[in-house]
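These are the residues of each chain, in order.
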Amino acid sequence: VQLVESGGGLVQPGGSLRLSCAASGFTFSSYTMRWYRQAPGKEREFVAHITSDGGSTKYADSVKGRFTISRDNAKNTVSLQMNSLKPEDTAVYYCHVIRLRAYWGQGTQVTVSS
C-alpha cells in the first residue's frame, strides 16, 4: 500500500487549496478513504472521510461547509478541496486507509498565513 499526498503550500487566509492523494498497492475502489491533519504541538485529528463508492462523506465540525472530499476510482485518487482557509487550518495533512491495518501517506504541509 502506498499513499502519496500533494498540493500543499502557503496560502493567505480566505484562500483555497486542493490536496490530492494518489493510492496504489490495493483495490482502491473497495475502501473508505480519510484525510487527517496534525498541527504543531497537537495530536493528529480526523478531517474527512469518503466511502468506497463516494456515496457518503463525513467531516469534522471544524471544516464542515468549507472542505469537500471527493474521489476518482478510475484514477485511484482522493482529493480534499479546501476553501475559506483559516490560520488554524495550518497543519500537515495526511491521507489514510485501513486495509488490515492503518496506512498513512508522508503528509503535505498546508500553511495559512498572511
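Residues numbered from 1 in each chain as written. Predicted model: local features only at pLDDT ≥ 70, side-chain atom pairs only at ≥ 80, totals over all residues. Heavy atoms only, no water.

A. Representation of the overall build of the protein chain within the structure. Along the protein chain, the regular secondary structure elements total zero helices and eleven strands. Seen in sequence order, the protein chain has helices and strands lined up from the N terminus as β-β-β-β-β-β-β-β-β-β-β. Relative to the compact-globule value of 13 Å for 114 residues, the protein chain shows a C-alpha radius of gyration of 13 Å, a close match. Principal-axis analysis of the C-alpha atoms gives the protein chain an extent of 40 × 25 × 20 Å. Burial analysis of the protein chain (114 residues in total) assigns 40% to the buried set. Within the protein chain, counting contacts between residues at least 6 apart in sequence, those at least 24 apart form 52% of the total. For the protein chain, the accessible area works out to roughly 5900 Å², and carbon and sulfur atoms hold 46% of it. (Helix = DSSP H or I, 4+ residues; strand = E, 2+ residues; numbered from the N terminus. Rg over C-alpha atoms; globule rule 2.2 N^0.38 Å. Buried < 20%, exposed > 50% of the residue type's maximum accessible area, 1.4 Å probe, protein only. Contact = heavy atoms within 4.5 Å. Areas by Shrake-Rupley, 256 points an atom, 1.4 Å probe, with all protein chains shown as cover.)

B. How the structure looks around the packing of aromatic side chains. If you walk through the whole model with that rule in mind, you get five aromatic pairs. Between Tyr 36 and Phe 46, the ring centres sit 5.8 Å apart and the planes meet at 80°, which makes this aromatic pair edge-to-face. Here Tyr 36 is found in strand β4 (residues 33-38), whereas its partner Phe 46 is found in strand β5 (residues 45-50), with ten residues between them in sequence. Residue class for Phe 46 comes out partly exposed when judged on its relative accessible area of 24%. An angle of 90° between the planes, with centres 6.3 Å apart, marks the rings of Tyr 94 and Trp 104 as edge-to-face. Taken as a pair, Tyr 94 in strand β9 (residues 91-99) and Trp 104 in strand β10 (residues 101-104) lie far apart in primary sequence, ten residues in all. Look at Tyr 94 and you get buried, because its relative accessible area is 12%. (Phe/Tyr/Trp six-rings, centres within 6.5 Å; stacked < 30°, edge-to-face > 60°.)

C. Seen up close, the sheet that holds strand β7 (residues 67-72). One open sheet holds the four strands; their spatial order is β1-β3-β8-β7, and the pairing between them is antiparallel. Sheet topology places β1 (2-6) and β7 at the edges, where each strand pairs with a single neighbour. Going from strand to strand, the sheet's axes swing by 15° on average, the running direction of each strand aside. Relative to strand β8 (residues 77-82), β7 is paired through six bridges, and the arrangement is antiparallel. Residue pairing in the sheet places Asp 72 in a bridge with Thr 77 of β8. (Pairing = 2+ DSSP bridges. Axes fitted to C-alpha atoms, helices over the stretch in contact; angles between N-to-C directions.)

D. View of the nonpolar core. If you look at the biggest cluster of nonpolar residues, it comprises 30 residues, and the most contacted ones within it are Leu 3, Met 33, Trp 35, Val 78, Leu 80, Met 82 and Tyr 93. Those elements that provide at least two residues to this core are β3 (17-24), β4, β5, β7, β8, β9 and β11 (108-112). Dropping the residues within four chain positions of it, Tyr 93 is found in contact with Glu 5, Leu 19, Trp 35, Tyr 36, Arg 37, Val 47, Phe 67, Leu 80, Met 82, Gly 107, Thr 108 and Val 110. (Core = buried A, V, L, I, M, F, W, Y, C linked by side-chain atoms within 4.5 Å.)

Function cannot be inferred from these measures alone, as they are strictly geometric.
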